[in-house]
Amino acid sequence: LSAMRAHGTSVDVQGHACLALFSLSCNHAENKSRIVGKGGLALVLSAMRAHGTSVDVQGHACLALFSLSCNHAENKSRIVGKGGLALVLS
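Residues numbered from 1 in each chain as written. Predicted model: local features only at pLDDT ≥ 70, side-chain atom pairs only at ≥ 80, totals over all residues. Heavy atoms only, no water.

Engineer: Got a minute to help me understand the overall build of the protein in this structure?
Structural biologist: Along the backbone of the protein there are seven helices and zero strands. Each helix and strand of the protein, ordered N terminal to C terminal, gives the series α-α-α-α-α-α-α. A globule of 90 residues ought to have a C-alpha radius of gyration of about 12 Å, and the protein, at 12 Å, matches this closely. Principal-axis analysis of the C-alpha atoms places the extent of the protein at approximately 30 × 25 × 15 Å. When burial is assessed residue by residue, the protein has 38% of its 90 residues classed as buried. Partitioning the contacts of the protein with sequence separation of at least 6, the portion at a separation of at least 24 is 60%. Accessible surface, the protein as shown: approximately 5,000 Å² in total, 59% of it carbon and sulfur. (Helix = DSSP H or I, 4+ residues; strand = E, 2+ residues; numbered from the N terminus. Rg over C-alpha atoms; globule rule 2.2 N^0.38 Å. Buried < 20%, exposed > 50% of the residue type's maximum accessible area, 1.4 Å probe, protein only. Contact = heavy atoms within 4.5 Å. Areas by Shrake-Rupley, 256 points an atom, 1.4 Å probe, with all protein chains shown as cover.)

In structure tokens, the structure reads:
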């Protein structure tokens, strides 16, 4: 998360970080909560907004959102509430 904060303009860092968040949260409820609690959701959405033309960032961010929301009702609500669904559909 600190790399995403420090390198917001880097397509490579943002894309790889989103992929790492996908991996870390996949089938791990505690990590899903930790990531979102430490600002990970906001960072994923920021990456999507900042790098709207990057297929890698968009794809990896969608994977991260999927993993963070899968079997986690609270995160699903947070994602929708912060505009995540609209970003995915845009």
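Engineer: What exactly am I supposed to notice about the nonpolar core here?
Structural biologist: Within soluble globular proteins, side chains that are nonpolar generally end up buried alongside one another. Formed by 19 residues in total, the largest nonpolar core has its most connected members in M4, V44 and L65. Where this core is concerned, the elements lending two or more residues are helix 2 (11-25), helix 3 (29-37), helix 4 (40-50) and helix 5 (55-69). Here the element with the most residues in this core is helix 4; it accounts for six residues. With sequence-adjacent residues up to four places away left out, L65 is seen in contact with L41, V44, L45, M48, I79 and V88. (Core = buried A, V, L, I, M, F, W, Y, C linked by side-chain atoms within 4.5 Å.)

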